[in-house]
Amino acid sequence: QSLYLTHLRHNVSRLASCQCLGQRQVLQNPPSLSIFCSFLFTQVFNDPIHGHIELHPLLVKIIDTPQFQRLRNIKQLGGGYFVFPGASHNRFEHSIGVGHLAGELAKTLKLKQPELDISERDVLCVQIAGLCHDLGHGPFSHLFDGMFNPEADPEHKDWKHEDASLEMFDHLVVANSLAQEMERYGLILPPDLTFIKEMIKPLKIDDAEWPYEGRDENKSFLYEIVSNKQNGIDVDKFDYFARDCHHLGIRNNFDHQRFIMFARVCDVNGRKHICSRDKEVANLYDMFHTRNSLHRRAYQHRVTKSVEIMIKDALLKADQYILTKGSGGTTFCLSKAKTDMEAYTKLTDQMIERILHPCSCSNEFTPSPLEEARMILQRIMSRDLYQFMGETKVCNQGWTGTKTWPRLFWPTYLCISPLKTIYLVVTLDYGMKNKDPINTTYFYTKANPTEAFKISREQVSKLLPVCFAEKILRVYCKNSASLRDAKFCFQSWCHENDFLTEGWVPVSGAMMAPVLT
């Protein structure tokens, strides 16, 4: 390495001398442009999950943009930080981790299977897609597109953060003039930009005609690295399993490095898929069990959801009063900022600080239009949360509930306003609704590594689940004054309508509610 440094310094000094003299000379055995640029600009990140990781200089240029740096101020677990003190990590470090793992998997396949013809361009595009896959997340991550947006903007209730990720990526490239940098590092535009965006938001194609433009069908496996719509096994999950478990203090039973080591591409009906060794099938079931466990213990935790409902309510109250300047000087409210990436870049978790501590030149005694929103957030800060009344298992998986069905239930003498109660349906599954994701996963054997096949659940173990999804109806009360009566009414309703609920015990052949405290 010292010899290379000496050689590099010598050639750089010679090049500078030639430029000073106005001469043109060809260096003897010059280092390649990629090595030269990589040495000068490659950055090493010390990540608590993956250790020291080295990123391509183009990735560093993308990271050093306002659009990417914005992710430093968006919590990975949304309102979970108010419940789990260690969950202070942000989308910023998760995105870097996904970019790193995407490169590791692509490079492993390239090294082990040269016949796949994976180019350096392919690897770089996969890394960029992993790095930029979460650019479109709004304040408090999934809270923004999953809870706030459907109520604030019903006309676009199906809008998801992946849609914003595509727009934000285009905005990032244009606003920071990165097109020339990308071409400098060997990318071909616009095909590679199309390829990157297709990997950020891929389609579930099954056996349909090839829908992509970025790469041909012979490289279909590249679309399974960052966001795998076929079975959900991708590097995005690999990173957030490890990272979230680390910060939550929950044990992670899945070893993603082992999966990458055994990953192999096989041909299945004329299309190439990433496959795993047959002996790894039980470990993959463990991976999906870990996903379900994280949702049950953290992401869908009853107190986490209470906090997130309150944040959502505060954002709804403040929607029309928090204005953000976008392109051309146009201002947008919270729910409309997603239509303009310049304005959307300014939306982060810091929105609640603007609500809690608004800047105003008006008289301090004048009521602020944000007062209602501020009162809700102050309740969070003082731990006066919406109270959990109870939950019940929903046996009919097609049932979604409505906002009006419980209103007929509450006895009028209790004076419990339906506006004081919130009904939330939580879905816990293995990532593919009620389907077994392993049914769409392919495996190979050591004896025949080129032939892919499926493994049925019965071949693995009789102890595996038969049902892969369940729905839980939860009820919260905004005001704790009538909490005791509200809990009793909810449990009575569950009993009368054959819903299973916590705390019911058989007494003399009947079901009785326990004493509520």
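Residues numbered from 1 in each chain as written. Predicted model: local features only at pLDDT ≥ 70, side-chain atom pairs only at ≥ 80, totals over all residues. Heavy atoms only, no water.

The protein is annotated in an unreviewed UniProt entry as HD domain-containing protein from Astatotilapia calliptera. UniProt annotates the protein under Sequence similarities (unreviewed entry) with the comment "Belongs to the SAMHD1 family." (UniProt positions renumbered as here; feature names shortened; annotations may be inferred.)

Q: What's the story with the pattern of salt bridges in this structure? I'm lost.
A: A pair can form between side chains of opposite charge whenever their charged atoms are brought close. By the definition in use, this model includes 28 salt bridges. Between Arg296 and Glu470 there is a salt bridge whose closest N-O contact spans 2.9 Å. You can see Arg296 sitting in helix H13 (residues 281-299) and its partner Glu470 sitting in strand S10 (residues 469-477), a full 174 residues away along the chain. (Salt bridge = Lys/Arg side-chain N within 4 Å of Asp/Glu carboxyl O. Helix = DSSP H or I, 4+ residues; strand = E, 2+ residues; numbered from the N terminus.)

Q: So what exactly am I meant to see when it comes to the packing of helix H11 (residues 235-248) against H13 here?
A: Each packed pair of helices is defined by two parameters, the angle between the axes and the distance between the axes. With their axes 11 Å apart at the nearest point, H11 and H13 run at an angle of 45° to one another. On the basis of their axis angle, the class for H11 and H13 is oblique. Crossing hand, H11 versus H13: left-handed. Contacts between H11 and H13 pair Lys237, Phe238, Tyr240, Phe241, Asp244, Cys245 and Leu248 from the former with Met287, Arg291, Leu294, Ala298 and Tyr299 from the latter. For the contact of H11 with H13, the residue count by class is nine nonpolar, no polar and three charged. (Axes fitted to C-alpha atoms, helices over the stretch in contact; angles between N-to-C directions. Parallel < 35°, antiparallel > 145°, perpendicular 65-115°, else oblique. Left-handed = near helix turned anticlockwise from the far one by under 90°. Contact = heavy atoms within 4.5 Å. Nonpolar A, V, L, I, M, F, W, Y, C, P; charged D, E, K, R; others polar.)

Q: In this structure, what is going on with helix H14 (residues 302-318)? I would like to understand it.
A: Every α-helix carries 3.6 residues per turn, so stepping three or four residues along brings you back to the same face. Taking 1.5 Å per residue as the helical rise, H14 with its 17 residues ought to reach 24 Å, and the 25 Å between its terminal C-alpha atoms agrees with that figure. Summarising burial for H14: 13 of the 17 residues are buried, a large majority. (Expected span 1.5 Å × (residues − 1). Buried < 20%, exposed > 50% of the residue type's maximum accessible area, 1.4 Å probe, protein only.)

Q: Explanation requested: the sheet that holds strand S9 (residues 443-444) in the structure shown.
A: As a general point, the strands of a sheet are linked pairwise by backbone hydrogen bonds and lie either parallel or antiparallel. Spatially, the three strands line up as an open sheet ordered S3-S4-S9, and their pairing is mixed. Where the open sheet ends on each side, the last strands, each with one partner, are strand S3 (264-268) and S9. The sheet contact formed by strand S4 (residues 271-277) and S9 spans two bridges and is parallel. Looking at S9, one finds that Arg277 is bridged to Tyr444. (Pairing = 2+ DSSP bridges.)

Q: I tried to follow the side chain of Arg70 on my own but got confused; where do I start?
A: Looking at the element boundaries, Arg70 is found in the loop between helix H4 (66-69) and helix H5 (91-112). The charged side chain of Arg70 is buried without a salt bridge, its nearest counter-charge being Asp349 at 8.0 Å. If sequence neighbours within four positions are ignored, Arg70 has contacts with Leu135, His137, Gly138, Tyr344, Thr345, Leu347 and Thr348. (Lys, Arg positive; Asp, Glu negative; His and termini not counted.)

Q: Help me understand the environment of Tyr299 in this model?
A: Position of Tyr299 relative to the elements: it lies in helix H13. Judged by its relative accessible area of 15%, Tyr299 is buried. Taking the C-alpha atoms as reference points, Tyr299 and Gly79, separated by 220 residues in sequence, lie 8.9 Å from one another. Tyr299 has contacts with Leu77, Tyr240, Asp244, Leu294, Thr304 and Lys305, leaving out every residue within four places of it along the chain. Within the structure, the side chain of Tyr299 is placed 2.6 Å from the side chain of Asp244, a separation counted as a polar contact. (Polar contact = N/O pair within 3.5 Å; in protein donor to acceptor, adjacent residues only side chain to side chain.)

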